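Per-entry structural report
The primary structure of each chain is shown beneath.
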Amino acid sequence: MAKESTGQALVIVESPAKARTINRYLGKGYVVKASLGHVQDLPKKDLAVDVERDFEPTYEVIEGKKALIDELRKQARKASAVYLAADPDREGEAICYHLAEVLQGKRNKTLKVYRVLFNEITQKSVRKAFENPISINLDLVDAQQARRILDRLVGYKISPLLWDKVRRGLSAGRVQSVALRLVVQREQEIRAFKTKEYWTIEAR
């Protein structure tokens, strides 16, 4: 049997410090909790990206976050609504998307979930954001996911080469690996250049 709503809304931010400040601004009608960053990610034990099926990622709850998620689910079941207030960037949007996934799940599809955005932690800015809630921006979620998948593909495929040729513990990133490749290609072009004598003639 579903629990009756307490009338309080659940607000989820990223850090406990923000949670305490925002809780003071919003008052008794809200319960503010912190997610402590991401709650889901690609597992460490394997690639977790199906390159044969449109690079489909497989996410799982981050180790050590299960108790936190259980607590958030418990709060969500008795809340009138959930407001996701992670940072206003790609990472924040992905955090909100995964929070919505784990809180709604298969049993709580009727849960009302809103996204709130504010660029400064002031009472005026926070209250204005809650007066104008929006939906999760899926374009930003996809952008973060694409970056995360690139990180995984590059890291898992190139890092072992570094361990073998240089030393263990090094990791290859999606940016510096491409930059290094461009530098190497340019160096190869320089070394392959054949010098030829030529003259410039000017006549009057």
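Residues numbered from 1 in each chain as written. Predicted model: local features only at pLDDT ≥ 70, side-chain atom pairs only at ≥ 80, totals over all residues. Heavy atoms only, no water.

Residues Leu10, Ile12, Val82, Leu84, Leu99 and Leu103 are the most contacted members of the largest nonpolar core, which totals 19 residues. Contributions of two or more residues to this core are made by β1 (9-13), α2 (66-77), β7 (82-84) and α3 (90-104). Top contributing element to this core by residue count: α3, with six residues. The residues contacting leucine 99, other than those within four sequence positions of it, are Ile12, Ser35, Val39, Leu72 and Leu84. By size, the runner-up hydrophobic cluster in this structure holds 16 residues, among which are Val32, Ala85, Phe118 and Val126. (Core = buried A, V, L, I, M, F, W, Y, C linked by side-chain atoms within 4.5 Å. Buried < 20%, exposed > 50% of the residue type's maximum accessible area, 1.4 Å probe, protein only. Helix = DSSP H or I, 4+ residues; strand = E, 2+ residues; numbered from the N terminus. Contact = heavy atoms within 4.5 Å.)

The next thing to look at is the packing of α3 against helix α5 (residues 138-165). Remark: α3 packs on α5, axes separated minimally by 8 Å, with the N-to-C direction vectors making an angle of 105°. The angle between the axes of α3 and α5 places the two elements in the roughly perpendicular class. From α3, Arg90, Glu91, Glu93, Ala94 and Tyr97 reach across to α5, where they touch Leu138, Leu140, Val141, Ala143, Gln144 and Arg147. A per-class count over the contact of α3 with α5 returns six nonpolar, one polar and four charged. (Axes fitted to C-alpha atoms, helices over the stretch in contact; angles between N-to-C directions. Parallel < 35°, antiparallel > 145°, perpendicular 65-115°, else oblique. Nonpolar A, V, L, I, M, F, W, Y, C, P; charged D, E, K, R; others polar.)

Across the chain, the average pLDDT comes to 90, with 95% of residues at or above 70. In the model of the chain, α5 stands out as the element of lowest mean pLDDT, 91, in contrast to β7, which has the highest, 97. Scored below 50 in pLDDT, residues 1-5 makes five contacts in the model with residues more than four places away or belonging to other chains. (pLDDT = per-residue confidence, 0-100.)

It is worth spelling out the packing of α2 against α3 at this point. Packing of α2 against α3 leaves a shortest axis separation of 9 Å and a crossing angle of 70°. In this view, α2 runs roughly perpendicular relative to α3, as classed from their interaxial angle. Here α2 and α3 pass one another in a crossing that is right-handed. Touching Ile69, Leu72, Arg73 and Ala76 of α2 are Leu99, Val102 and Leu103, all from α3. Of the residues assigned to the contact of α2 with α3, the class counts are six nonpolar, no polar and one charged. (Left-handed = near helix turned anticlockwise from the far one by under 90°.)

Let us now look at the sheet that holds β1. Spatial ordering of the open sheet is given by β2-β1-β7-β8, a layout of four strands whose pairing is parallel. One side of each edge strand has no neighbouring strand; the edge strands of this open sheet are β2 (30-34) and β8 (113-115). Put simply, the sheet's adjacent strands are angled 25° from each other on average, direction ignored. Across five bridges, the pairing between β1 and β2 is parallel. Bridge pairing in β2 links isoleucine 12 to lysine 33. (Pairing = 2+ DSSP bridges.)

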